[in-house]
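The lines below spell out each chain.
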Amino acid sequence: MKLFNRAFILFLVCLFQYSLVNAQSSPMNKTPATDPILQNNRIKIDSIDKKLIALLGERERVVKEIGIYKAKNNIPALQADRFKQVLEKTIEAGKQEGLSATFITELMNAIHKESLRIEEEIKAQKQ
């Protein structure tokens, strides 16, 4: 077993050294940090991310209003039929933007999970 472990470690060291040699021999035209096109697009992405977070914050403020209404009227936080409708609409809208149904489903599930957390928190405060 010790011989196997030593051989495996030797193999890993050789593999690591080989990858270093290949990485160093690959020519690099521009470094990503100084590429103006890359930098410009990163600035755009940062701006869009900021807008996305602001929109999510706005959405969750509306969720709080809904949570207050549901708590006052004894309505459960989870409305499965409503979420199904939202999901179907957003999957279709995502397709129009070239986004996969899988991505949209994961995104909306994460947003819905946060919304339910907020609504449940409001409900717990009302009791």
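This structure is a prediction, so every number in the text was calculated from the model and none was measured. (Residues numbered from 1 in each chain as written. Predicted model: local features only at pLDDT ≥ 70, side-chain atom pairs only at ≥ 80, totals over all residues. Heavy atoms only, no water.)

Participant: So what's going on with empty space enclosed by the protein? Which residues, and what values?
Facilitator: Evaluated as defined, the whole model comprises 1 cavity of 30 Å³ or more. Of the voids in this model, the largest cavity is the one considered here, and its volume is about 40 Å³. If you trace the largest cavity, you find it lined by Gly 67, Lys 70, Ala 71, Ile 75, Ala 77, Glu 119 and Lys 123. Those elements that place two or more of their residues in the lining of the largest cavity are helix H2 (36–72) and helix H4 (101–126). In terms of residue class, the lining of the largest cavity is made up of 3 nonpolar, 1 polar and 3 charged. (1 Å grid on protein atoms, 1.4 Å probe; cavity = no way out; pocket = protein on both sides within 12 Å on 5 of 7 lines; lining within 4 Å. Points joined across faces, edges and corners; volume = space filled by probe spheres on them. Helix = DSSP H or I, 4+ residues; strand = E, 2+ residues; numbered from the N terminus. Nonpolar A, V, L, I, M, F, W, Y, C, P; charged D, E, K, R; others polar.)

Participant: Any chance you could break down the confidence of the model for the chain for me, citing the residues and the numbers?
Facilitator: For the chain, the mean per-residue pLDDT works out to 85, and 76% of the residues sit at or above 70. Confidence, read as mean pLDDT per element, is least for helix H1 (residues 2–25) in the chain (52) and greatest for helix H3 (residues 80–96) (97). (pLDDT = per-residue confidence, 0-100.)

Participant: How would you summarise a nonpolar patch on the surface if you had to cite specific residues and measurements?
Facilitator: Together, Leu 99, Phe 103 and Leu 107 make up an exposed nonpolar region whose accessible area comes to about 240 Å². Tracing the sequence through the fold places Leu 107 in helix H4. Assessed through its relative accessible area of 36%, Leu 107 is described here as partly exposed. (Patch = residues over 30% accessible without salt bridge, like charges linked within 9 Å, V, L, I, M, F, W, Y side chains within 5 Å. Areas by Shrake-Rupley, 256 points an atom, 1.4 Å probe, with all protein chains shown as cover. Salt bridge = Lys/Arg side-chain N within 4 Å of Asp/Glu carboxyl O. Buried < 20%, exposed > 50% of the residue type's maximum accessible area, 1.4 Å probe, protein only.)

Participant: Tell me about H4, residues and numbers included.
Facilitator: Taking 1.5 Å of rise per residue, the 26 residues of H4 would be expected to cover 38 Å, and the 37 Å separating its terminal C-alpha atoms lies within 8% of that figure. For H4, every residue scored as buried is listed here: Ile 104, Met 108, Ile 111, His 112, Ser 115, Ile 118, Glu 119 and Ile 122. Looking at the buried positions of H4, the neighbouring elements they touch are H2 and H3. (Expected span 1.5 Å × (residues − 1). Contact = heavy atoms within 4.5 Å.)

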